[in-house]
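Notes for the structure review
Here are the chains, one letter per residue:
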Amino acid sequence: MTEHDHGTGGEHTHIVTHTHSHTHKNMKAVVNRLARIEGHVRSIKEMASNERDCSEILLQIAAVRKALESTAKVVLKDHLETCVIEAAYHGNEEEVLRDLNKALDHFIR
């Protein structure tokens, strides 16, 4: 299932849901990281609402960006270690390359 959300400024957000028969060993950690990031973003929003110093807000935004990048690396590693390896194990080389290219295209822009 694919969902498209056309945000402001012509940006597009794509939400893709896949059904897998295998377990991603790091997803609980990813969900925990995302929950922390979500809380951090809420606190940055509060800082902006309270008209805190711009440099403080930018510092916090940079921290969130770094946390998101780190979380994305964990998801990509999990994808490589589970989805791609499983497809290769089942002899689906084309699927392996397609999955890997898709993951890299989404992660590296």
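Described in the following lines is the structure provided in the data block. (Residues numbered from 1 in each chain as written. Predicted model: local features only at pLDDT ≥ 70, side-chain atom pairs only at ≥ 80, totals over all residues. Heavy atoms only, no water.)

Comments concerning the pattern of salt bridges
According to the stated counting rule, one finds three salt bridges in the structure shown. Ionic pairing is found between Arg 52 and Glu 56, a salt bridge with its closest N-O pair at 2.6 Å. Note on Arg 52: relative accessible area 41%, which makes it partly exposed. Accessibility expressed as a relative area gives 33% for Glu 56, which makes it partly exposed. (Salt bridge = Lys/Arg side-chain N within 4 Å of Asp/Glu carboxyl O. Buried < 20%, exposed > 50% of the residue type's maximum accessible area, 1.4 Å probe, protein only.)

Comments concerning the packing of helix α1 (residues 27-49) against helix α2 (residues 54-89)
Two quantities define a packed helix pair, namely the angle between the axes and the distance from one axis to the other. Two elements in contact, α1 and α2, have axes separated by 10 Å at closest approach and are oriented at 165 degrees. When the axis of α1 is compared with that of α2, the two are roughly antiparallel. Crossing of α1 against α2: the hand is left-handed. Of the residues in the contact of α1 with α2, the class split is 16 nonpolar, four polar and three charged. (Axes fitted to C-alpha atoms, helices over the stretch in contact; angles between N-to-C directions. Helix = DSSP H or I, 4+ residues; strand = E, 2+ residues; numbered from the N terminus. Parallel < 35°, antiparallel > 145°, perpendicular 65-115°, else oblique. Left-handed = near helix turned anticlockwise from the far one by under 90°. Nonpolar A, V, L, I, M, F, W, Y, C, P; charged D, E, K, R; others polar.)

Observations regarding the side chain of Thr 82
With respect to the secondary-structure elements, Thr 82 resides in helix α2. Only 2.6 Å separates the side chain of Thr 82 from the backbone oxygen of Asp 78, close enough to count as a polar contact. (Polar contact = N/O pair within 3.5 Å; in protein donor to acceptor, adjacent residues only side chain to side chain.)

Some thoughts on the side chain of Thr 71
Within the secondary structure, Thr 71 sits in helix α2. For Thr 71, a relative accessible area of 4% translates into the label buried. Dropping the residues within four chain positions of it, Thr 71 is found in contact with Val 30, Arg 33, Leu 34 and Ile 37. (Contact = heavy atoms within 4.5 Å.)

What about the nonpolar core?
Counting residues in hydrophobic clusters, the biggest one holds five residues: Ile 37, Ile 44, Met 47, Ile 57 and Val 64. Among the secondary structure elements, those contributing two or more residues to this core are α1 and α2. Top contributing element to this core by residue count: α1, with three residues. Ile 37 has contacts with Val 64, Ala 67, Leu 68 and Thr 71, leaving out every residue within four places of it along the chain. (Core = buried A, V, L, I, M, F, W, Y, C linked by side-chain atoms within 4.5 Å.)

Section: α1
Between its terminal C-alpha atoms α1 stretches 33 Å, which fits the 33 Å expected from 23 residues at 1.5 Å a residue. Along α1, the residues classified as buried are Val 30, Ile 37, Ile 44 and Met 47. Buried positions along α1 lie against α2. (Expected span 1.5 Å × (residues − 1).)

Digging into unusual backbone geometry
Phi at Glu 51 takes a positive value of approximately 55 degrees, unusual for a residue other than glycine. For Glu 51, the position within the fold is in the loop between α1 and α2.

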